[in-house]
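As a plain string of letters, each chain reads:
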Amino acid sequence: MTEYIIIVALIAIAAIAVYSYFGDTVRNQTAAMALELSGQDGSKAKQAAQDNAAAGEKNATTKRSLNNFTNNKVE
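Residues numbered from 1 in each chain as written. Predicted model: local features only at pLDDT ≥ 70, side-chain atom pairs only at ≥ 80, totals over all residues. Heavy atoms only, no water.

Draft legend 1. Spotlight on the overall build of the chain. When helices and strands are tallied, the chain shows two helices and zero strands. Per-residue burial for the chain yields a buried fraction of 11% across its 75 residues. Surface exposure of the chain reaches about 6,600 Å², of which carbon and sulfur atoms provide 63%. (Helix = DSSP H or I, 4+ residues; strand = E, 2+ residues; numbered from the N terminus. Buried < 20%, exposed > 50% of the residue type's maximum accessible area, 1.4 Å probe, protein only. Areas by Shrake-Rupley, 256 points an atom, 1.4 Å probe, with all protein chains shown as cover.)

Structural data, given as structure tokens:
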């Protein structure tokens, strides 16, 4: 029984980490689904999720170094 509790706890921690890592995108997609399921228009939340995903992709391709870590350029 203890092993199962540990496995469930690890899965929960992993789910929380993934949810927080993808943060705004997941929240906006969840909001869009909830709005659509309730019969409302979820296009704004869907567009916000797409915008956040695009911003995340841009940040992922940005080269990081100690020079731009705090957005201060060292010359």
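Draft legend 2. Representation of the environment of Asn28. Tracing the chain through its elements places Asn28 in helix α1 (residues 2–37). Sequence-wise, Asn28 and Ala49 are 21 residues apart; in three dimensions their C-alpha atoms are separated by 5.0 Å. With residues up to four places along the chain from it excluded, the contact list for Asn28 reads Ala45, Ala48, Ala49 and Asn52. (Contact = heavy atoms within 4.5 Å.)

Draft legend 3. Just a nonpolar patch on the surface, in detail. On the surface, Tyr4, Ile7 and Ile11 cluster together into a nonpolar patch covering about 360 Å² of accessible area. Summarising the element assignment, Ile7 is placed in helix α1. Its relative accessible area of 45% is what places Ile7 among the partly exposed residues. (Patch = residues over 30% accessible without salt bridge, like charges linked within 9 Å, V, L, I, M, F, W, Y side chains within 5 Å. Salt bridge = Lys/Arg side-chain N within 4 Å of Asp/Glu carboxyl O.)

Draft legend 4. Just α1, in detail. In this model, α1 (36 residues) spans only 38 Å end to end at C-alpha, well below the 52 Å of a helix rising 1.5 Å per residue. In the structure, α1 departs most strongly from a straight axis at Gly23, where the bend amounts to approximately 100°. Residues of α1 that are buried: Gly23, Thr25, Val26, Asn28 and Ala32. Buried residues belonging to α1 abut α2 (43–61). One or two residues past the end of α1 sits Gly39, with phi positive at roughly 90°. (Expected span 1.5 Å × (residues − 1). Bend = angle between axes of the 7 residues up to and from the residue.)

Draft legend 5. Summary view of the packing of α1 against α2. Here α1 crosses α2 at 165°, and the two axes come no closer than 8 Å. Our classification of the angle between α1 and α2 gives roughly antiparallel. In this structure, α1 crosses over α2, and the sense of that crossing is left-handed. Of α2, the residues touching α1 (which contributes Asp24, Thr25, Asn28, Gln29, Ala31, Ala32, Leu35 and Glu36) are Ser43, Ala45, Lys46, Ala48, Ala49, Asn52 and Ala53. (Axes fitted to C-alpha atoms, helices over the stretch in contact; angles between N-to-C directions. Parallel < 35°, antiparallel > 145°, perpendicular 65-115°, else oblique. Left-handed = near helix turned anticlockwise from the far one by under 90°.)

Draft legend 6. Examining the environment of Ala34 more closely. For Ala34, the location among the structural elements is in helix α1. Taking relative accessible area as the criterion, Ala34 reaches 45% and is therefore assigned partly exposed.

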